[in-house]
Structure formats: structure tokens, C-alpha cells
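# Chains, contacts and geometry: an overview
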Amino acid sequence: MQRTSHVLTRLLRACGLAFALAGATAAQGAQAFPDKPIRVVVPYSPGGGVDIVTRLVTQKMAQDLGQPIIVDNRPGAATNIGLEAVARAQPDGYTLLTASNTLAGNAALFSKLPFDPAKDFAAVGAIGYASLVVVVPSDSPHRSLKDLVAYGRAHPDKLTYASAGNGSSGHLASELLKREGKFQALHVPYKGGSPAVTDLLGGRIDFMAINPLEVLPHIQSGKLRALAVLDAKRSPLLPKVPTVVDQGLPDAQAAVWWGVIGPAGMPAPVVQRLNQALRKALADANVRQRMAEMGAELTPGSAADFSRFVAAETIKWERVIKQAGVRAD
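Keep in mind it's a predicted model, so treat the numbers as computed, not measured.

## Considerations on the overall build of the protein chain
Helix and strand counts for the protein chain stand at 11 helices and 11 strands. Seen through its C-alpha atoms, the protein chain measures out along the principal axes to roughly 95 × 45 × 30 Å. The buried share among the 329 residues of the protein chain stands at 50%. Restricting to contacts in the protein chain with at least 6 residues of sequence separation, those with at least 24 account for 77%. Of the accessible surface of the protein chain, which amounts to about 15,800 Å², a share of 55% is contributed by carbon and sulfur atoms. Distance between charge centres in the protein chain, computed from 35 positive and 26 negative side chains, equals 4 Å.

Structure below.
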């Protein structure tokens, strides 16, 4: 009995030593991070807004981290292809993703996903956002957002609005606007923003909620009229355009946003190091200027800040999606 007790004590001590060594190894690994290139998945095609933002920010992050950051474009399935790839990656900090609005909305838009947006990812930090703007053709009789809302209430079967596709940010923002304004309008989805804008310019569509950068030349040339910025403060790109708050619809705010995430289970020191590099990149004067030219507001903060933001966005857009009966599959 005494011998058994002695063996057990030695075994426990050995296990304790093994766990201590494992912990020390993990800590040393985190301290050495990164010691090889990092891959950032962009779940969109090259050349789009998310791709441009990612390349701009990761270039500066790479300088701080001392390792190359490779941008890996994996478009398709409303960003689910890229999201799944990162959800299944090793949680070592070497595979990340630039997340956007779909992270908060896809669970409600799709009946089944091969990953859980709420459990399979870890936040690294926010990048920023760009508020959407409501635009109409230049010959539209609607001179203000109040005009558009009043017409939609009086003629529930007349108004149409375009979007870049079912479940896109413009689609959901328009549904939010309809809900808060208590008016009706028919959704006309397109395969991308460009054909939607083309029909809007041609007067075949009544209005659209869109990133102002995509329509700024048309607004400046007088081909489109901006009725409202879907934010609490005015856009630096459109300083004369009133906000939805100015026009009595404070809960109709909507924007496209970006942040960095990785697989769940990344070591805390690794997340902290990545967040530090991200925040340093967002403080760079060139990055700030380029993002401002895109009409973007930078929102640097901690990983926990971004996690809370995504949780709040998920609640907000799941409510809109369910009330409007929007489905992507």
C-alpha cells in the first residue's frame, strides 16, 4: 500500500512536470510569434473594397511583425468558403481572415453552415467602417428621405430598390430603413453592385443603399442624388448630405465594416501581438489618409471590443433578417 502511494506520488509529480513543460513551450512559442509568413484570407475577389482595405492594412502590419503577410483571395458562397477555411485552420495565428458584415448575418441568412460564426472564430481587432448612403436617380421626384418614405407609405406597391444581391449589406440596410420608416418597397437583387447602379442610373429602380465610394462620381456629376447617410454623423465624402438621425430615423443606421479574426483557440499572447500590430497599422498616417479617401472611419480597439461589436451586429441583423423573411439559400 505504501509502495503504491509512493508510485502514485511520483506519477503525479511527473505529470505536473510534463504540464509545466508544455505550458512553458506554449509560452515560448507565443513569445517567438511570428517566425514565419502569415496568411490573411479575403473571402472576396481581388480589387474589391475588402481586398483593398486588407492589402493596405496588412502591408503595415507585416512591417511591425517582421514577417510577410500573404493575402489569399477565396471568394464564393457569400464569403462562406473563406470563413470555413479559416474556421478549420490551426489556431496558431498564422491563418487569419478579414471579416465583414457577413460574419454577423450569415447564420440567419443560411439554413445550414459548415461552421458556427459565434463559436469557431476569435476576434483580433476592428479596422473600421463606411456608412451607406441612400441614392436616387437625378430626375427622381423624391428630394429628401422624408419624401421617399412618405411615398412608400402612400403607395406600398410602387417603390423598388436595388441591391448587389440577396443578403448583401445594401439589401439588409434597405430592409432596416423600410422597417424604421414604416414603408414598403420591392427588392430587386442583382449579381453585383455595378449592374444595380446601371439600372438605377437608367431610372428603372427607385433607390438604393450603397457604399458612397461606389457612386460618388455619379453624385458629383449630378446623375444621382444622395438623400441620406445611414449614420449618426455626416460623411466626409458627402458633407452636405443629412444623416438618418437628422431626418428622424436614428435606428436606421447601417454601414459596411471590416475587422480581423482567426480560428477559435488562438493563444492570448498571439492575439495580443496581432492586435498590437493592427492598431499600429491603423495609426499610420498613410493608412489613415487612404481610408479617409474611401469614406471610411477607423475604429481601432482591443480584441474584446471587436468581439462585442460583432455580437451586437449579429443581434441587430438577425432581427432584420427574420422580420423581413430574407433567405440566401
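Next comes the rest of the write-up.
## A look at helix H4 (residues 102-109)
For H4, a buried count of seven out of eight residues is recorded, marking the element as mostly surrounded by other parts of the structure. Among the residues of H4, Thr102, Leu103, Ala104, Gly105, Asn106, Ala108 and Leu109 are the ones counted as buried. Where H4 is buried, its residues touch helix H3 (80-87), strand S3 (95-99), strand S4 (121-131), strand S10 (255-263) and helix H11 (303-324).

## A word on the pairing of S3
The element S3 is largely enclosed, with a buried count of five among its five residues. Residues of S3 alternate between two faces, with Thr95, Leu97 and Ala99 on one and Leu96 and Thr98 on the opposite face, all of them buried. In terms of strand pairing, strand S1 (residues 38-42) meets S3 through three bridges, oriented parallel. When the sheet's bridge partners are listed, valine 40 is paired in S3 with leucine 96. For S3 and S10, the ladder comprises three bridges, and the chain directions are antiparallel. Its bridge partner lying in S10, leucine 97 is registered against isoleucine 261.

Thresholds, definitions, all that
Residues numbered from 1 in each chain as written. Predicted model: local features only at pLDDT ≥ 70, side-chain atom pairs only at ≥ 80, totals over all residues. Heavy atoms only, no water. Helix = DSSP H or I, 4+ residues; strand = E, 2+ residues; numbered from the N terminus. Buried < 20%, exposed > 50% of the residue type's maximum accessible area, 1.4 Å probe, protein only. Contact = heavy atoms within 4.5 Å. Areas by Shrake-Rupley, 256 points an atom, 1.4 Å probe, with all protein chains shown as cover. Lys, Arg positive; Asp, Glu negative; His and termini not counted. Charge placed at Lys NZ, Arg CZ, Asp CG, Glu CD. Pairing = 2+ DSSP bridges.

None of the figures reported here should be taken as evidence of function without further support.
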